[in-house]
Amino acid sequence: MSVSVHSMTVEPFIQMLGNLSNILDKAAAHAEAKKIEAGVLEGLRLTPDMFTLARQIMLTCDFAKNSCARLAGLEPPRFEDTEKTLAELQARIAKTVDYLKTLTPAQLEGAEQRHIVLPLRTRTLEMDGLPFIQKWTVPNFYFHMTTTYALLRGVGVDIGKQDFLGGY
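Parameters at a glance
- Residues numbered from 1 in each chain as written.
- Predicted model: local features only at pLDDT ≥ 70, side-chain atom pairs only at ≥ 80, totals over all residues.
- Heavy atoms only, no water.
- Axes fitted to C-alpha atoms, helices over the stretch in contact; angles between N-to-C directions.
- Helix = DSSP H or I, 4+ residues; strand = E, 2+ residues; numbered from the N terminus.
- Parallel < 35°, antiparallel > 145°, perpendicular 65-115°, else oblique.
- Left-handed = near helix turned anticlockwise from the far one by under 90°.
- Contact = heavy atoms within 4.5 Å.
- Nonpolar A, V, L, I, M, F, W, Y, C, P; charged D, E, K, R; others polar.
- Core = buried A, V, L, I, M, F, W, Y, C linked by side-chain atoms within 4.5 Å.
- Buried < 20%, exposed > 50% of the residue type's maximum accessible area, 1.4 Å probe, protein only.
- Phe/Tyr/Trp six-rings, centres within 6.5 Å; stacked < 30°, edge-to-face > 60°.
- Lys NZ or Arg CZ within 6 Å of the ring centre and 35° of its normal.

Trainee: Whenever I open this one, the packing of helix α2 (residues 10-33) against helix α5 (residues 129-154) confuses me. Can you help?
Mentor: For any two helices packed against each other, the geometry comes down to the angle between their axes and how far apart the axes lie. For the pair α2 and α5, the least separation of the axes is 11 Å and the interaxial angle reads 15°. Here α2 is positioned roughly parallel relative to α5, judged by the angle of their axes. Viewed along their axes, α2 and α5 form a crossing whose handedness is left-handed. In this structure, α2 uses Pro12, Phe13, Met16, Leu17, Asn19, Leu20, Ile23, Leu24 and Ala27 to contact α5, whose residues at the interface are Thr137, Val138, Phe141, Tyr142, Met145, Thr148, Tyr149 and Leu152. Grouping the amino acids of the contact of α2 with α5 by side-chain chemistry returns 14 nonpolar, three polar and no charged.

Below you can see the structure in the form of structure tokens.
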């Protein structure tokens, strides 16, 4: 049995982004029930030197769309990072899922061997597709998604492991 790059990236990212959307629905309901002012949840952070909840969600989306685009040999779509509300973050998740759904298994065939060059702020990351998936894409996606979950859970949003996993 072989495992495709599409099944290791696009498919689980779409599912997990759906779970993230459901978690944000619960966060919005929590904010409404507790009369939490707009912007409070979006501005949560674990420590002053970490990104806010809003930025964690943006990065979760970015690691999914940007990495999958690069693996397909495409230029990633650019999102402006202007979302400030839970509703706007929900729209970003939906836009990311819509983009991921355009990527076919055929576009990702052989991507495990494709050489990926990723310019970062302080350096350029270069590696082949499989290590890019294993050591960069998947860990970063789940880091930012998990941080989002932890921030919301930490302030009392009624979410649990099944919300994160999606009810397996």
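Having seen the model, we can carry on.
Trainee: Where do I start with the nonpolar core in this structure?
Mentor: Note that soluble globular proteins tend to have their nonpolar side chains buried in a common cluster. If you look at the biggest cluster of nonpolar residues, it comprises 48 residues, and the most contacted ones within it are Leu17, Leu71, Ile93, Leu100, Phe132, Phe141 and Leu152. Elements with a minimum of two residues in this core: α2, α3 (53-71), α4 (86-100), β1 (115-119), β2 (124-128) and α5. With residues up to four places along the chain from it excluded, the contact list for Leu100 reads Val10, Phe13, Ile14, Leu17, Ala64, Lys65 and Cys68.

Trainee: What's the story with the packing of aromatic side chains in this structure? I'm lost.
Mentor: The description of an aromatic ring pair rests on the distance of the ring centres and on the angle between the ring planes. Evaluation of the coordinates by the stated rule reveals four aromatic pairs. Seen from their ring centres, Phe141 and Tyr142 are 5.1 Å apart, and the 85° between their planes marks the pair as edge-to-face. Note on Phe141: relative accessible area 0%, which makes it buried. For Tyr142, a relative accessible area of 28% puts it in the partly exposed group. Taken together, the ring pairs connect Phe13, Phe141 and Tyr142 into an aromatic cluster. Across the ring face of Phe79, the terminal group of Lys95 is positioned such that the distance to the ring centre comes to 4.1 Å.

Limitation: the analysis is restricted to geometry and does not speak to function.
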